[in-house]
Amino acid sequence: MTNIVTAVWAWGGRVSAAARDLVQSAGTLAAETGGELGVLALGTGAQIAADTLRAAGADVVLTCEEEALDTAPGEAGLAALVAGCEVLRPSLVLLPADSLGRDWAPRLGYRLGAGLVTEVTDWSLEEGRPVFQRLVFGGKAIATMTVAGGPAIATVRPGAGRRDEPPRAGRGEARDLGLAIEAWPSWPRLLRRQTEERQGPGLEEARAIVSGGRGLGGPEGFEPLGELALTLGGAVGASRAAVDEGWAPPTWQIGQTGKTVAPDLYVAVGISGASQHLVGCSRAKTIVAINRDPEAPIFDYARLGVVGDWREVVPALTVALKEMLAD
Ligand SMILES: Cc1cc2nc3c(=O)[nH]c(=O)nc-3n(C[C@H](O)[C@H](O)[C@H](O)COP(=O)(O)OP(=O)(O)OC[C@H]3O[C@@H](n4cnc5c(N)ncnc54)[C@H](O)[C@@H]3O)c2cc1C
């Protein structure tokens, strides 16, 4: 039996798609082992978020709305996690592999005396015990790891453990953690939040992503890609080569040194399929590749591929999709 705890940053009552996915996957894993899922909802607005988290499969939602969580999320969040783990006594803590989760995980591991596996891309059960997968050697190999004895902590990349099934029904209990957090003057403070301006959903939220690479030949190539993404209700991403060329902003980069995404559909346009790029998109449910080189490695990973010049394929695909959607 594995009792799991996860933490969700619920500032303003908002729960990101990635956080909802993590709760859903963690709930499924807990249920498969006969355990329970406890979710810590942290930040002002956490109580508003509780309904979403219960619907995603939480057995217990512990909310904490202390102001310090908004102003010093690293330190205050860690205090809330330690307190939440004292209440829920998990055998496994799953944290998102984002900036906060990566900050909390090793420090929580020290406090709980727990083993830590980072950057998990998937998991399974072996003899009733969770076994984690993570990419190593720049995404060229997969390591399978488990934590012997004691509690375990894992930081989880988007899409890990995802199953194509509706969320399980958890007990759905919600209560306040009852923790007062006083911010110490020495705690690092969050000075401001900046939201990237973009049309449509962000890359981490998008269910469809159209990404462009060096094969676009210039920044103007991202315009038709944007139109295709808009038609699909999705977002535009880029390979590092396209970002390095200055054709796309760094916030669009997907891969080892960029973002990890897990959309339903990932369209790779003029992207060769280097392992460092695939690390960032391999959890997409369906990869579609458009490349004029039939030998491009991306075709080994794509479920659907079009061999051709993107200048012909992308506009034709956009027109066809618009016609389909208009019917
Ligand atoms: C430590 C490290 C970290 C890295 N991190 C990342 C990362 O986070 N993300 C990332 O993407 N890369 C990363 N890279 C770089 C990575 O190794 C590749 O160099 C990069 O992904 C290549 O980008 P690309 O596929 O756009 O370009 P290329 O490899 O140059 O491929 C361009 C493709 O476009 C096709 N093409 C050309 N013209 C057309 C056309 N008219 N129509 C259709 N197709 C066409 C070509 O056939 C080719 O397959 C990293 C590398 C290192 C060493």
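Refer to the structure above for everything that follows.
Note that the structure is predicted; figures quoted are calculated from it, not measured.

Overview of the side chain of Thr 28
Along the chain, the position of Thr 28 falls in helix 1 (residues 17-32). Its relative accessible area of 12% is what places Thr 28 among the buried residues. Side-chain polar atoms of Thr 28 contact the backbone oxygen of Gln 24, separated by 3.0 Å. In contact with Thr 28, not counting residues within four places along its chain, are Arg 163, Glu 165 and Arg 168.

Thoughts on the site of the ligand
Around the ligand there are 25 residues in total, and Arg 214, Ser 239, Thr 257, Ser 272 and Asn 291 lie nearest to it. At 2.7 Å from an oxygen atom of the ligand is found a side-chain nitrogen or oxygen belonging to Asn 291. The contact in question runs from a nitrogen atom of the ligand to an N or O atom on the side chain of Arg 311, over 3.3 Å. Protein chains bury 76% of the 980 Å² of accessible surface belonging to the ligand in isolation. Looking at the shell around the ligand, the elements that each hand over two or more residues are helix 7 (240-244), helix 8 (275-281) and helix 10 (310-326). The residue makeup of the shell around the ligand, split by class, is 5 nonpolar, 14 polar and 6 charged.

Some details on the packing of aromatic side chains
All chains considered together, the criterion is met by 1 aromatic pair. Here Arg 193 stacks its cationic end above the ring of Trp 11, 3.7 Å away from the centre of that ring.

Points about the sheet that holds strand 10 (residues 208-212)
What the 5 strands build is an open sheet, ordered 11-10-12-13-14; its pairing is parallel. The sheet is open, and its two edges are formed by strand 11 (235-238) and strand 14 (304-307), each paired on a single side. Averaged over all neighbouring strand pairs, the angle between strand axes comes to 20 degrees, with direction disregarded. Two elements, strand 12 (residues 265-269) and strand 13 (residues 286-291), share 5 bridges in a ladder whose sense is parallel. Residue pairing for strand 13: Ala 268 is matched across the bridge by Ala 289. Docked against the sheet, helix 6 (residues 222-232) engages strand 10, strand 11 and strand 12, running at close to 170 degrees with respect to strand 10. Packed on one face of the sheet, helix 10 meets strand 12, strand 13 and strand 14 and runs near 135 degrees to strand 13.

What counts as what
Residues numbered from 1 in each chain as written. Predicted model: local features only at pLDDT ≥ 70, side-chain atom pairs only at ≥ 80, totals over all residues. Heavy atoms only, no water. Helix = DSSP H or I, 4+ residues; strand = E, 2+ residues; numbered from the N terminus. Buried < 20%, exposed > 50% of the residue type's maximum accessible area, 1.4 Å probe, protein only. Polar contact = N/O pair within 3.5 Å; in protein donor to acceptor, adjacent residues only side chain to side chain. Contact = heavy atoms within 4.5 Å. Near = heavy atom within 4 Å. Areas by Shrake-Rupley, 256 points an atom, 1.4 Å probe, with all protein chains shown as cover. Nonpolar A, V, L, I, M, F, W, Y, C, P; charged D, E, K, R; others polar. Phe/Tyr/Trp six-rings, centres within 6.5 Å; stacked < 30°, edge-to-face > 60°. Lys NZ or Arg CZ within 6 Å of the ring centre and 35° of its normal. Pairing = 2+ DSSP bridges. Axes fitted to C-alpha atoms, helices over the stretch in contact; angles between N-to-C directions.

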